[in-house]
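Architecture at a glance
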Amino acid sequence: MASSERSALLTYRLCGGSGEEERGRERARGRAAAAAAVAPRKLPTFLGVVVPTLLSMFSVVLFLRLGFVVGHAGLYQALAMFAVAYFIIGMTVLSVCAIATNGALDAGGAYYMISRALGPEFGGSIGIMFFLANVCGSALYVLGLVEAVVDSFGIPPGQKAGTGVHVLPQSYWYELLYGTVLLALCLVVCLVGASIYAKATFLIFLIVAGVLGTVLVSFFATRPIGVPIRLPHFNGSEIENGSFTGFSLATLRDNLGGGYAVDYTTGQMMSFSSVFAVMFNGCTGIMAGSNMSGDLKRPSYSIPRGTISAVLFTYLVYNLLAFLMCATCNRTLLQKDYGFLRDISIFPPLVTVGIYAATLSAAMSNLIGASRILYALARDDLFGRALALAKKTSASGNPVMAVILSWLVVQLVLFSGKLNTIAGVVTTFFLLVYATVNLACLALEWASAPNFRPTFRYFTWHTCLLGIAGCCVMMFLISPVSASASLGFLLLLLLALHYLSPSSTWGYISQALIFHQVRKYLLMLDVRKDHVKFWRPQMLLMVQNPRSSARLIDFVNDLKKSGLYVLGHVELQDLDTLPSDPLQPQQDSWLNLVDKLNVKAFVSLTLAPSVRHGVRQLLFTSGLGGMRPNTLVLGFYDDAAPQDGLARHPAFSSTREEVPLGFPALRAPAAPKLLSAREYVGIVADALKMLRNVLLARQLESLDKAWELRRAASPPPTIHVWPVNLLRPDSARYADTCSLFLLQMACVLNMARAWRRARLRLFLCVEAGAMPHAQEEKLRQLLKDLRIQAQIQLVPWDAVTRLHWQTHQGPPGGPAPAGEAAEEEEEEAVNFPANATQVSDEYVCAANKLVLEQSPAPAVRFLYLPRPPADTSLYPLYLHQLELLTRGLGPTVLVHGVSAVTSTQL
């Protein structure tokens, strides 16, 4: 008991001191996961978050593409690009901080946040997208590093032999070879583990910080110079002259506006969107710290502080450098020489080292981030055996196979060849991931769950919404094709995971959102505004044991017509004598049954001293607000031995697996029943007193719906409808409330998709000399007004009614006393069949034969159910007459309606 009381807290993992132990329990799926669970967390905020984030955001853009951005876009548009980009990532950072401080984080970064917030479908699909984003980002930075190496050491275009340090051949395959070697270096570092990666990135950070300081000083210390630029031209090269003018108002004025031109590496005309796509890659590193969440000492503390600090610092640096470049370099230098910072530096070799270090670090950061995401996806078993190999870890917990697999995918991306070629794809992937992070936070905020209380409070649903809108708009501005393809791929992954992935214990945000919206709309569903035009059946089906009621459950599901459907069950026990609620263990079995039978039903179980009391409880308490059962459905009370039809039901017989439902065995034929005949009729009377419609279903387990409705024989299957009270031929009418309700229920069944081939046959019982054609025309007009398509068949029943009038002289034993006669008249006023004792078995058997003789045999029959008598001593006789009336008829539904359900109004 104590264990179950603590389980919710352990699952939510708020116990900081036992976090490692709980992770071990949660991931106990093999030795690889166990090794990862005991791996110590080592990295502090600065080394684990600030340094990787800074290096990932600086990377290629800082040293190799910032001049490209400013040269094409101009200062004003460049600052606007920075503002838009940092607005988007700023909103995303707020969402990341909120999710990161709402509970303990594990390895996987953004994937872990999204999957635990939105559920496995969104988490798995976005995890794959984020993995691809990191893979493409790593390839992009490797290509940027290759570009820098070739620019420094490559043989100039048009020359066959190198001179001095320019010894590296330039061609597509040579550059692919250089990229492969550099990527192998990243692989070696990542295989060693997160600790050596953190040390390596810290060393690189010191180098980049020193280079950045040198660059800033160079803008002030370097004198104006001309910079010759060698550009490829057909089979040779040509030289253009760029200028570093120092601080010049004229230079600044010339660089204020945009001047988009052809990119000399790809030969494509640049535009705002294409330049923004390249620039935004300098902002995509905000998740670098989050990706290391499994290796941080305190991820919920480190991620918000480290990420926000790094983002603010990079924003200031980018704006400062953009201004300095516009004020000191002419447009030709900015557009035609991506490595111009080396040319104007007071110590050029240091800038070269900084470029190499920054891009190499960013490549490693994305590679290790991709491996951690892949490992988290494999560990969660969302893709089954497809990612089983990625679960393998080293003795220290480093996911070596995930690193190797990520390296292989990056190697494939390197075949794209040029940095600017994949910049748009990388940006689209990252924007999609950022939009989903914002969506996760927005969903958590809108769900208003009490357990969503992050310690980081500087966010609202407005910031999440702005982040989503910004990401989506920029995605389509940058590359509509890439954005559409990415969303399509995401949708395919989401659908595949929805139908194929195993269920998880993470919690589904969709359930919280549905609860929030359903509660709101239930409050708006005002029962005082109900109108008969919009009436729909809302069923409460009482089930003793589903093993004998599977086909009945399926049949009532067809009758509900998008209304409420509740499966009710009464357990005869006393809670005072029990240590705990016995219904809780049964709940899962009932819900599994609902899923397996594919019926849209709720389950309501109750404890009661008797079945009648239990049904009363459910009639009073089932449903909520305007969604309460208005119709009670019961199986028929007879002496037939219960048959186990669950295993023979198509939902179970189509699979080889055994029925995994914990329902008890059926009652033996000789065993006593749980309720008496008097109690059964009393349940019907109680429901009618509570103004609930009543349906009694007999032999529905013999209805093979699939065979009846799919047989090729002509004519199609029929539904027989007898809207006359056969047990009261002296007061039979076709237009009373009960008859109209019976017609409505038959029509509702015929409207169900599975029953549309069936045809309604309405039987009009007529007597000689009663103008049958006039009655038929009146009934036909009624059906026309009600928009019910049915075939009317006249049935003479003089021979049947004659049997009734022969015994109508009085009840057995002579005439009733005056007091009893007055009581019968009062009962007749409320539609109780006071003449129940006057209807002979012979008459009822004749009525049964009349119904049975109508051919061809229907799929199901609907008969009029009279009210139970007011005298409870007549309950057994009443039930006996119902049994005689329906004996041998096959699937039959006895119907009594107490509410107006039909409308002829528009």
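As the structure is a computational prediction, the values presented were derived from the model and not from experiment.

Considering the overall build of the protein chain
Each helix and strand counted, the protein chain has 32 helices and twelve strands in total. Sequence-distant contacts, at least 24 apart, represent 81% of the contacts inside the protein chain between residues at least 6 apart.

Examining the packing of aromatic side chains
The relative placement of two aromatic rings is captured by the distance of their centres and the angle of their planes. Scanning the entire structure with this criterion turns up 18 aromatic pairs. Each ring, one from F130 and one from F430, has its centre 6.1 Å from the other, and the planes form 85°; the classification is edge-to-face. With F130 in helix 6 (residues 120–153) and F430 in helix 17 (residues 419–447), this residue pair connects regions lying 300 residues apart in the sequence. Here F130 and F430 have matching classes, each one buried. With centroids separated by 5.4 Å and ring planes inclined at 35°, the aromatic side chains of Y637 and Y680 adopt a geometry described as tilted.

Quick word on the environment of G306
Topologically, G306 is positioned in helix 12 (residues 299–328). In this structure, the C-alpha to C-alpha distance between G306 and L54, residues 252 residues apart in sequence, is 9.6 Å.

Structural notes on the pattern of salt bridges
In total, this model carries twelve salt bridges according to the counting rule given. R65 is the partner of E147 in a salt bridge, and the nearest nitrogen-oxygen pair spans 2.8 Å. Taken together, the positions of E147 in helix 6 and R65 in helix 4 (residues 45–100) put the pair 82 residues apart, joining distant regions of the chain. Residue R65 is classed as buried on the basis of its relative accessible area, which comes to 1%. Between D639 and K673 there is a salt bridge, and its shortest N-O distance comes to 3.7 Å. Here D639 is found in the loop between strand 6 (631–635) and helix 24 (650–653), whereas its partner K673 is found in the loop between helix 24 and helix 25 (677–689), with 34 residues between them in sequence. Overall, D639 belongs to the exposed group, its relative accessible area being 75%. Taking relative accessible area as the criterion, K673 reaches 30% and is therefore assigned partly exposed.

Comments concerning the sheet that holds strand 5 (residues 602–608)
Strands belonging to one sheet form pairs held by backbone hydrogen bonds; the direction of such a pair is parallel or antiparallel. The sheet built from ten strands is open, its strands ordered 5-4-3-6-7-12-11-8-9-10 with mixed pairing. With partners counted over all chains shown, the strands left at the sheet margins are strand 5 and strand 10 (791–796), one partner each. Each neighbouring strand pair of the sheet contributes to a mean axis angle of 25°, computed without reference to strand direction. Of the strand pairs in this sheet, strand 8 (residues 718–722) and strand 9 (residues 759–766) are connected by four bridges, and their pairing is parallel. Looking at the pairing, V721 lines up with L762 of strand 9. Sitting on the sheet, helix 28 (residues 772–785) is in contact with strand 9 and strand 10, with an inclination near 145° to strand 9.

Focus on the packing of helix 18 (residues 461–478) against helix 19 (residues 480–500)
Helix-helix packing: each pair is described by the crossing angle between the helix axes and the interaxial distance. Packing of helix 18 against helix 19 leaves a shortest axis separation of 5 Å and a crossing angle of 125°. With respect to helix 19, the axis of helix 18 lies oblique. Contacts between helix 18 and helix 19 involve M475, F476 and I478 from the former and P480, A483, S484 and L487 from the latter. Along the lines of polarity and charge, the residues of the contact of helix 18 with helix 19 split into six nonpolar, one polar and no charged.

Considerations on the pairing of strand 4 (residues 565–572)
Counting buried residues along strand 4, seven of its eight residues qualify, which places the element largely inside the surrounding structure. As paired strands, strand 3 (residues 539–542) and strand 4 are joined by four bridges and run parallel to one another. Following the sheet pairing, M539 is matched in strand 4 by Y565. Tracing the backbone out of strand 3, into helix 21 (residues 550–559) and back to the parallel element strand 4 gives a crossover that is right-handed. Taken together, the seven bridges between strand 4 and strand 5 define a ladder with parallel strand orientation. What sits directly across from L567, in strand 5, is V603.

Brief notes about helix 18
Three- or four-residue spacings in an α-helix give side chains the same orientation, since the helix completes a turn every 3.6 residues. With 18 residues, helix 18 should cover 26 Å at 1.5 Å per step; its first-to-last C-alpha distance of 26 Å lies within 8% of that length. By the burial criterion, the buried members of helix 18 are T463, C464, G467, I468, G470, C471, M474, M475 and I478. Angularly, the buried residues of helix 18 cover 165° about the axis, an arc narrow enough to put them on a single face.

Re helix 23 (residues 611–621)
Burial in helix 23 covers these residues: V611, G614, V615, L618 and L619. Projection of helix 23 onto a plane perpendicular to its axis shows the buried side chains occupying an angular sector of 135°, all on one side. More than 90 degrees from the buried face of helix 23, the exposed residues found are F620 and T621. The inward-facing, buried residues of helix 23 abut strand 3, strand 4, strand 5, strand 6 and helix 25. Of the residues trailing helix 23, G623 is marked for its positive phi of about 85°.

Quick word on the packing of helix 21 against helix 27 (residues 737–751)
Packing of helix 21 against helix 27 brings their axes to within 8 Å, and their N-to-C directions diverge by 100°. Relative to helix 27, the element helix 21 is oriented roughly perpendicular. Note on element contacts: helix 27 touches helix 21 through M745, V748 and L749, opposite F555, D558 and L559. Counted by class, the contact of helix 21 with helix 27 contains five nonpolar, no polar and one charged residues.

Structural notes on the environment of G424
Considering the arrangement of structural elements, one finds G424 in helix 17. You can call G424 buried: its relative accessible area is 15%. Remark: the alpha-carbon pair of G424 and F280, spanning 144 residues in sequence, is separated by 9.1 Å. In contact with G424, other than residues within four places in its own chain, are A277 and I478.

Some points on unusual backbone geometry
The omega torsion of the bond from S855 to P856 falls at 0°, within 30 degrees of zero and hence cis. In this fold, P856 is placed in the loop between helix 31 (841–853) and strand 11 (860–864). Although it is not a glycine, S562 adopts a positive phi angle of roughly 60°. By the element assignment, S562 lies in the loop between helix 21 and strand 4. Accessibility expressed as a relative area gives 60% for S562, which makes it exposed.

So, the nonpolar core
Among the nonpolar cores identified, the biggest contains 166 residues, and F63, I89, F219, L341 and Y434 are the most heavily contacted of them. In terms of residue count, the dominant contributor to this core is helix 4 (32 residues). Listed in part, the 114 residues of the second largest apolar core include L540, V851, L879 and V901.

Side note on a positive patch on the surface
On the surface, R536, K561, K600, R753 and R756 cluster together to form a positively charged patch. Mapped onto the elements, K561 comes out in the loop between helix 21 and strand 4. What makes K561 partly exposed here is its relative accessible area of 34%.

Topic: the confidence of the model for the protein chain
Confidence along the protein chain averages 80 in pLDDT terms, with 85% of residues attaining 70 or more. Segment residues 1–39: pLDDT under 50, and 46 contacts once partners within four positions in sequence are set aside and those in other chains are kept. In this model residues 810–833 is a low-confidence stretch, pLDDT under 50, and it forms 26 contacts with partners more than four residues away in sequence or in other chains.

Remarks on a nonpolar patch on the surface
Nonpolar side chains collect at one region of the surface, where F46, F202, L203 and L206 lie side by side and expose about 360 Å² of accessible area between them. Sorting elements by how many residues they give to the nonpolar patch places helix 8 (residues 194–221) first, with three residues. Note on placement: F202 falls in helix 8.

What counts and how
- Residues numbered from 1 in each chain as written.
- Predicted model: local features only at pLDDT ≥ 70, side-chain atom pairs only at ≥ 80, totals over all residues.
- Heavy atoms only, no water.
- Helix = DSSP H or I, 4+ residues; strand = E, 2+ residues; numbered from the N terminus.
- Contact = heavy atoms within 4.5 Å.
- Phe/Tyr/Trp six-rings, centres within 6.5 Å; stacked < 30°, edge-to-face > 60°.
- Buried < 20%, exposed > 50% of the residue type's maximum accessible area, 1.4 Å probe, protein only.
- Salt bridge = Lys/Arg side-chain N within 4 Å of Asp/Glu carboxyl O.
- Pairing = 2+ DSSP bridges.
- Axes fitted to C-alpha atoms, helices over the stretch in contact; angles between N-to-C directions.
- Parallel < 35°, antiparallel > 145°, perpendicular 65-115°, else oblique.
- Nonpolar A, V, L, I, M, F, W, Y, C, P; charged D, E, K, R; others polar.
- Right-handed = clockwise from strand over helix to strand, strands pointing away.
- Expected span 1.5 Å × (residues − 1).
- Arc of directions from axis to C-beta.
- Core = buried A, V, L, I, M, F, W, Y, C linked by side-chain atoms within 4.5 Å.
- Patch = residues over 30% accessible without salt bridge, like charges linked within 9 Å, V, L, I, M, F, W, Y side chains within 5 Å.
- Areas by Shrake-Rupley, 256 points an atom, 1.4 Å probe, with all protein chains shown as cover.
- Lys, Arg positive; Asp, Glu negative; His and termini not counted.
- Charge placed at Lys NZ, Arg CZ, Asp CG, Glu CD.
- pLDDT = per-residue confidence, 0-100.

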